[in-house]
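These are the residues of each chain, in order.
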Amino acid sequence: MKKLLTLVLLLLAAGFAFIYSGTYDVSAATPHWPIVKRLISMTVDNSVKRHAKDIAAPNLEDTAMIRLGFGHYQEMCVDCHGAPGASASEFAKGLYPKAPKLKHPAQEWSPGELFWMTKYGIKMSGMPAFGSTHDDHEIWSIVAFLKKLPSMDSAGYAAYMAADKSQKD
């Protein structure tokens, strides 16, 4: 037991020495080590699934809700995530981790999980929490639009842009 305690204390001391040494490069220009990337990914995935498990989605097929979600997406999301036929903005190209194109995540995550991530954000990822500036209906509208992205091409996105522009004129 004494050897085990000594080993644990040595590992903790080595960990603290590593942290305080500044050896780990935290710049956004250098990717994480593969083990660090994997641990962060597992932590995010499991946290989102746990926190979103009891969130029930409203009807996400409502066209007015989808159009409202497009407006919010165009205003707040497209700069980092891009859109069908549109790249992310210049500043987003310097983010690390890079904001994902949302076509595939919109398929992989449940509506409740997308809602939770949009409302509460993801620490140390550049993903802000929109719950302080948007009510639940607005956040659900973004989710409704996100769920349409996997089947949308650039022409479909352009059609939403044209409809949104004509609504504002």
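Throughout what follows, the structure given in this document is the object of discussion.

About the thresholds
Position numbers for residues start from 1 in each chain and track the written sequence from start to end. Local features in this predicted model are restricted to residues of pLDDT 70 or higher, and side-chain atom pairs are both shown and tallied only at a pLDDT of 80 or more, whereas totals for entire chains, interfaces and linings draw on every residue. Note: side-chain values were computed over all heavy atoms of the structure, leaving out hydrogens and water. Numbering of helices and strands runs from the N terminus; a helix is a DSSP stretch of H or I covering at least four residues, while a strand is a stretch of E covering at least two. Radius of gyration here is computed from C-alpha atoms only, and the compact-globule reference equals 2.2 Å multiplied by the residue count raised to the power 0.38. Three labels apply to residues, based on accessible area from a 1.4 Å probe with only protein chains included: buried if under 20% of the type maximum, exposed if over 50%, partly exposed otherwise in between. Here, two residues are considered to be in contact whenever any of their heavy atoms come within 4.5 Å of each other. Under the convention used here, a 1.4 Å probe and the Shrake-Rupley method define accessible areas, while residue burial counts only the protein chains that appear. We score Asp and Glu as negative and Lys and Arg as positive, and we do not count His or the chain ends. Here the site of a charge means NZ on Lys, CZ on Arg, CG on Asp, or CD on Glu. A fitted line through C-alpha atoms serves as each axis, taken over the contacting stretch for helices, and the angle formed by two N-to-C directions is quoted from 0 to 180°. In this scheme, roughly parallel covers angles under 35 degrees and roughly antiparallel covers those over 145, while 65 to 115 is roughly perpendicular and the rest are oblique. For this classification, the nonpolar set comprises Ala, Val, Leu, Ile, Met, Phe, Trp, Tyr, Cys and Pro, the charged set comprises Asp, Glu, Lys and Arg, and every other residue, Gly included, is treated as polar.

### So, the overall build of the protein
Consideration 1: Along its length, the protein carries 8 helices and 0 strands.
Consideration 2: Secondary structure elements of the protein, listed N to C terminal, follow the sequence α-α-α-α-α-α-α-α.
Consideration 3: In summary, the protein has a C-alpha radius of gyration of 20 Å against a globular reference of 15 Å for 169 residues, an excess of more than 25%.
Consideration 4: Taking the principal axes of the C-alpha coordinates as reference, the protein spans close to 70 × 35 × 30 Å.
Consideration 5: In the protein, which comprises 169 residues, the share counted as buried stands at 30%.
Consideration 6: The long-range fraction of contacts in the protein, counting pairs at least 24 apart against all pairs at least 6 apart in sequence, stands at 63%.
Consideration 7: Within the structure as shown, the protein displays about 11,200 Å² of accessible surface, and the carbon and sulfur contribution to it stands at 63%.
Consideration 8: Positive and negative charge centroids in the protein, built from 18 and 16 side chains respectively, lie 11 Å apart.

### A short note on unusual backbone geometry
Consideration 1: Omega for the bond connecting Y96 with P97 falls within 30 degrees of zero, at 5°, which places this linkage in the cis form.
Consideration 2: With respect to the element layout, P97 can be found in the loop between helix 4 (78-81) and helix 5 (105-108).

### Here's the deal with the packing of helix 2 (residues 34-52) against helix 6 (residues 111-120)
Consideration 1: Here helix 2 crosses helix 6 at 105°, and the two axes come no closer than 9 Å. In terms of orientation, helix 2 lies roughly perpendicular with respect to helix 6. Along the contact surface, helix 2 presents S47, V48, K49, H51 and A52, while helix 6 presents G112, E113, W116 and M117.
Consideration 2: Looking at the contact of helix 2 with helix 6 residue by residue, the classes come out as 4 nonpolar, 3 polar and 2 charged.

### Some details on the environment of A144
Consideration 1: As for its placement among the helices and strands, A144 is situated in helix 7 (residues 136-146).
Consideration 2: Sequence-wise, A144 and S27 are 117 residues apart; in three dimensions their C-alpha atoms are separated by 35 Å.
Consideration 3: Those residues within four positions of A144 in sequence are excluded, and the remaining contacts are L60, M65 and I66.

### Focus: the side chain of K119
Consideration 1: Counting through the fold element by element, K119 comes out in helix 6.
Consideration 2: Discounting chain neighbours no more than four positions away, the residues touching K119 are A129, F130, G131, D136 and I139.

### Points about the environment of L5
Consideration 1: Relative to the helices and strands, L5 resides in helix 1 (residues 2-21).
Consideration 2: What makes L5 exposed here is its relative accessible area of 52%.
Consideration 3: Distance from L5 to P31, taken between C-alpha atoms, is 34 Å for residues 26 residues apart in sequence.

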